[in-house]
Amino acid sequence: MNDILDFGLADLSPVDDDSEEAMEALWTGDLTVLSQHHTTPNGSHSFVLAHDRSVTWGIPGEPQLVAITVARDLQQSTFTFETSHHATASFAQNWLAERGCPLERIALRGGDYMKPADDLTLQVEQQIQKSCTRYEVLDTYTSEDNPSEAWTLVNDSQATQAPVRLFREEWNHDAGTYTMREGAFPDVGAAQTWLDERSEPLPEPPEYSDHNGAVVRARIARLALSRSAGTSPTPQTGLDAPRATAAVPVQGRLL
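These figures come from a predicted structure and were not determined experimentally.

K.L.:
Help me out: how do you make sense of helix α2 (residues 89-98) in this one?
P.N.:
Each full turn of the α-helix corresponds to 3.6 residues, which orients residues three or four apart in the same direction. In terms of burial, α2 is largely enclosed, as 8 of its 10 residues are buried. Among all positions in α2, only A89, S90, F91, A92, Q93, N94, W95 and L96 are buried. With its phi angle positive at about 105°, G100 sits one or two positions after the end of α2.

K.L.:
Hey, could you run me through the packing of α2 against helix α3 (residues 119-129) in this one?
P.N.:
For any two helices packed against each other, the geometry is given by the interaxial angle and the distance between the axes. Close contact between α2 and α3 brings their axes to 8 Å; oriented N to C, the two are set at 35°. Between α2 and α3 lies a crossing whose hand is right-handed. Taking contact as the criterion, the partners of S90, F91, Q93, N94 and A97 in α2 are, on α3, E125, I128 and Q129. Residues belonging to the contact of α2 with α3 are distributed by class as follows: 3 nonpolar, 4 polar and 1 charged.

K.L.:
What is the right way to look at the packing of aromatic side chains in this model?
P.N.:
Overall, the coordinates contain 5 aromatic pairs when judged by the stated rule. Relative to F167, the ring of F91 lies with its centre 5.7 Å away and its plane at 70°, an arrangement referred to as edge-to-face. Here F167 lies in strand β9 (residues 164-172) and F91 lies in helix α2, a separation of 76 residues in the sequence. Considered together, F91 and F167 belong to a single accessibility category, that of buried residues. Within the aromatic cluster, the residues linked to one another by ring pairs are F91, Y135 and F167.

K.L.:
How do you make sense of the pattern of salt bridges when you look at a structure like this?
P.N.:
When their charged atoms lie close together, side chains carrying opposite charge are able to pair. Inspection of the entire model under this criterion finds 9 salt bridges. As a salt-bridge pair, E149 and R198 come within 2.8 Å of each other at their nearest N and O atoms. With E149 in strand β8 (residues 149-156) and R198 in the loop between α4 (188-197) and α5 (213-228), this pair connects stretches of sequence that are 49 residues apart. Where D156 meets R165, a salt bridge forms, and the shortest distance between an N and an O atom there is 3.9 Å. Assessed through its relative accessible area of 0%, R165 is described here as buried. When salt bridges with common partners are traced through the structure, they connect R134, D156, R165, E182 and E207 into a single cluster.

K.L.:
So what exactly am I meant to see when it comes to the sheet that holds strand β6 (residues 115-116) here?
P.N.:
Spatially, β6-β10-β9-β8-β7 is the arrangement adopted by the 5 strands of the open sheet, whose pairing is mixed. The open sheet terminates on both sides in strands that have one partner only, identified here as β6 and β7 (135-143). By the bridge criterion, 7 bridges tie β8 to β9 in an arrangement that is antiparallel. Its bridge partner being in β9, T152 is matched across the sheet by F167. Strands β6, β7, β9 and β10 (177-185) of the sheet are contacted by α3, whose axis makes an angle of about 60° with β10. With respect to the sheet, α4 is in contact with β7, β8, β9 and β10, its orientation differing from that of β9 by roughly 20°.

K.L.:
How should the pairing of β10 be read in this particular structure?
P.N.:
Side-chain direction in a regular strand flips from residue to residue, so the side chains alternate between the two faces of the sheet. Counting buried positions along β10 yields 7 of 9 residues, so the element is predominantly enclosed. When β6 meets β10, the two strands line up parallel, connected through 2 bridges. Following the sheet pairing, P116 is matched in β10 by Y178. Examined bridge by bridge, β9 and β10 share 9 bridges and lie antiparallel to one another. Bridge assignment links V164 to a residue of β10, and that residue is F185.

K.L.:
Would you mind showing me how to read the nonpolar core here?
P.N.:
A general feature of soluble globular proteins is that nonpolar side chains tend to end up buried together. Ranked by internal contacts, the top residues of the largest apolar core, which has 15 residues, are F7, I68 and F81. Residue assignment for this core shows that the elements contributing at least two residues are β2 (31-38), β3 (45-52), β4 (65-73) and β5 (78-86). When residues in this core are grouped by element, the largest group, 3 residues, is from β4. With residues near it in sequence (within four places) discarded, I68 still touches L5, F7, L26, L31, S46, F47, V48, F81, E82, T83, W95 and L96. Residues F47, L49, L65 and Y113 belong to the second largest nonpolar core, which totals 13 residues.

K.L.:
I'm lost on the side chain of R165 in this one. Help?
P.N.:
When you line up the elements, R165 lands in strand β9. Within polar-contact distance, the side chain of R165 engages the backbone oxygen of A162 at 2.7 Å. Residues contacting R165, with those up to four places away along its chain left out, are T152, L153, V154, D156, A159, E182, G183, A184, P205, P206 and E207.

Criteria and thresholds
Here, residues in each chain are numbered from 1, in the same order as that chain's written sequence. Only residues with pLDDT of at least 70 are given local features in this predicted model, and only at 80 or more are side-chain atom pairs given and counted; all residues enter the totals for whole chains, interfaces and linings. As a rule here, side-chain values cover all heavy atoms of the structure and leave hydrogens and water aside. Partly exposed residues are those whose accessible area sits between 20% and 50% of the maximum for their type, while under 20% is buried and over 50% is exposed, using a 1.4 Å probe and protein chains only. Runs of E in the DSSP output that reach at least two residues are strands. Runs of H or I that reach at least four are helices, and both are numbered from the N terminus. Convention adopted: a line fitted to C-alpha atoms gives each axis, helices being fitted over their contacting stretch, and angles between N-to-C directions are expressed from 0 to 180 degrees. In this scheme the handedness of a crossing depends on how the near helix is turned from the far one: anticlockwise by less than a right angle means left-handed, clockwise means right-handed. Note on definitions: a residue-residue contact is assigned when non-hydrogen atoms from the two residues lie within 4.5 Å. Note that Gly is not counted as nonpolar here; it falls among the polar residues with everything else outside the nonpolar set of Ala, Val, Leu, Ile, Met, Phe, Trp, Tyr, Cys and Pro and the charged set of Asp, Glu, Lys and Arg. Between the rings of Phe, Tyr and Trp (Trp by its six-membered ring), a pair exists once the centres lie within 6.5 Å; its type follows the angle of the planes, with under 30 degrees stacked, over 60 edge-to-face, and the other angles tilted. A pairing counts as a salt bridge when a side-chain nitrogen of Lys or Arg comes within 4 Å of a carboxyl oxygen of Asp or Glu. Between any two strands, pairing holds if DSSP finds at least two bridges. Residues belong to one nonpolar core when they are buried, are Ala, Val, Leu, Ile, Met, Phe, Trp, Tyr or Cys, and are joined through side-chain atoms within 4.5 Å. What qualifies as a polar contact is a pair of N or O atoms within 3.5 Å, subject to a donor-acceptor requirement within protein and to the restriction that residues adjacent in sequence count only when both atoms come from side chains.

Below is the structure:
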């Protein structure tokens with residue numbers, strides 16, 4: 001694993017104040033790179049998913065993962081720099097994909113990373129990764145106490161019922177696995193009540209039980225088939241060469 005994150009910007013200038021501020025606000029020495037992808041042959045774009053250790057020293061519950069994009073205009077000798085913090089890798093991957101990174105290049109699979117506990121987890125993660133701008137993030141929280149979890153509260157622009165959705169990732173350290181589940185609520189208040197009380201199971205989205213439920217089950221079946229066959233559920237396409245880092249423990253847990 002390469003602990004030194006060098007964006008190669010020494011001979012380039014930020015294209016605007018936002019890019020300069022985003023770069024200066026990020027201390028690369030605090031980052032543990034989880035996955036990265038650089039386009040070839042001229043290296044005009046970089047996409048990075050990293051754990052920001054500095055967040056753990058701040059306000060409890062803040063998102064610990066940071067997604068970074070760098071776009072270089074080599075003819076003008078300028079660059080654009082963007083960052084976005086996320087509670088879970090799937091939302092960070094969605095953000096990077098929206099900026100042009102192939103999802104298969106920033107996957108966190110194999111090595112020492114925690115593994116998905118079941119096929120529903122994979123299905124929900126892929127739903128988030130490929131959601132484009134469907135979800136408006138309202139709030140996030142990360143906890144390494146009991147329960148050991150991270151959640152993202154969103155407004156689902158495609159939901160006709162219960163549009164407030166809660167995506168909750170929970171880690172089982174003993175088993176080395178994690179689960180991702182989607183909950184549905186009529187409003188933010190109902191979601192917050194559930195988070196505060198945890199007195200009943202996470203309410204499933206209405207579409208899980210209607211005719212669309214067949215679609216969900218079919219997707220899960222395809223995922224199970226691809227895993228049993230030893231193939232990746234995400235097509236390995238694209239000509240850009242990846243540079244992925246080795247898996248690492250993150251704050252007492254494995255992603």
